[in-house]
Amino acid sequence: MDIELKEQILKLEEQLMYARKNDFENILSDYYVEFGSSGMKYDKAFLDENQAYINYCI
């Protein structure tokens, strides 16, 4: 993987660590999908609707 791409991904991940709702809306693609270790699927719509859950997990 290209070093510049790695640095960009790391920068975005660090921004998400201290995320606010506006950050998610601006940073995440509308096609964002993540699968948790529990098998639960998280997409941008879920994150937008469940900000309290996200704050609890962080």
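Position numbers for residues start from 1 in each chain and track the written sequence from start to end. Selection of residues for local features in this predicted model requires a pLDDT of at least 70, selection of side-chain atom pairs for listing and counting requires 80 or more, and totals for whole chains, interfaces and linings are taken over all residues. Calculated side-chain values reflect all of the structure's heavy atoms, with hydrogen atoms and water omitted.

Caption draft 1: Region of the structure containing the overall build of the protein chain. For the purposes of this entry, the term helix denotes a DSSP run of H or I that reaches at least four residues, the term strand denotes a run of E that reaches at least two, and both are numbered from the N terminus. Each helix and strand in the protein chain was counted, giving four helices and two strands. The order of α-helices and β-strands along the protein chain, N terminus first, is α-α-β-β-α-α. Note on definitions: a residue-residue contact is assigned when non-hydrogen atoms from the two residues lie within 4.5 Å. Looking at the protein chain alone, contacts between residues at least 24 apart form 23% of all its contacts between residues at least 6 apart. When the accessible surface of the protein chain is totalled, it reaches about 4900 Å², and 53% of it is carbon and sulfur. Exposure was quantified through the Shrake-Rupley algorithm and a 1.4 Å probe, taking into account, for residues, occlusion by the shown protein chains and nothing else.

Caption draft 2: Layout of the confidence of the model for the protein chain. Confidence of the predictor at the level of single residues is captured by pLDDT, which takes values from 0 to 100. Looking at the protein chain, pLDDT values average 79 and 78% of them are 70 or higher. Summarising per-element confidence for the protein chain, the mean pLDDT is lowest in helix α4 (residues 51-57) (64) and highest in strand β1 (residues 33-35) (89).

Caption draft 3: Geometry of the pattern of salt bridges. The working definition used for a salt bridge is a side-chain nitrogen of Lys or Arg within 4 Å of a carboxyl oxygen of Asp or Glu. The final tally for this structure, using the stated rule, is one salt bridge. Here Asp30 and Lys44 are joined by a salt bridge, their closest N and O atoms 3.1 Å apart. Of this pair, Asp30 sits in the loop between α2 (21-27) and β1 while Lys44 is found in helix α3 (residues 44-49), placing the two residues 14 residues apart along the sequence.

Caption draft 4: The arrangement of the environment of Gln15 in detail. Secondary-structure assignment places Gln15 in helix α1 (residues 3-17). Throughout this description, buried means an accessible area under 20% of the type-specific maximum (1.4 Å probe, protein chains only), exposed means over 50%, and partly exposed covers the range between. Overall, the relative accessible area of 33% leaves Gln15 in the partly exposed class. For Gln15 and Ile27, which are 12 residues apart along the polypeptide, the C-alpha to C-alpha distance reads 8.5 Å.

Caption draft 5: Seen up close, the packing of aromatic side chains. To pair, rings of Phe, Tyr and Trp, with the six-membered ring standing in for Trp, must have centres within 6.5 Å; the planes then decide the type, stacked if under 30 degrees apart, edge-to-face if over 60, and tilted in the middle. One pass over the structure, following the stated rule, counts one aromatic pair. Considering the side-chain rings of Tyr42 and Phe46, the 5.3 Å spacing of their centres and the 70° angle between planes classify their relative orientation as edge-to-face. Accessibility expressed as a relative area gives 14% for Tyr42, which makes it buried.

Caption draft 6: Summary view of α1. Expected helix span is given by 1.5 Å per residue-to-residue step, counting one fewer step than there are residues. Counted at 1.5 Å a residue, the expected span for α1 with its 15 residues is 21 Å, and the 21 Å between its end C-alpha atoms agrees. Side-chain atoms alone can form a polar contact between residues adjacent in sequence; in general such a contact is a pair of N or O atoms within 3.5 Å, and within protein one must be able to donate a hydrogen while the other accepts it. Residue Asp2 occupies the N-cap position of α1, its side-chain oxygen lying 2.8 Å from the main-chain nitrogen of Glu4.

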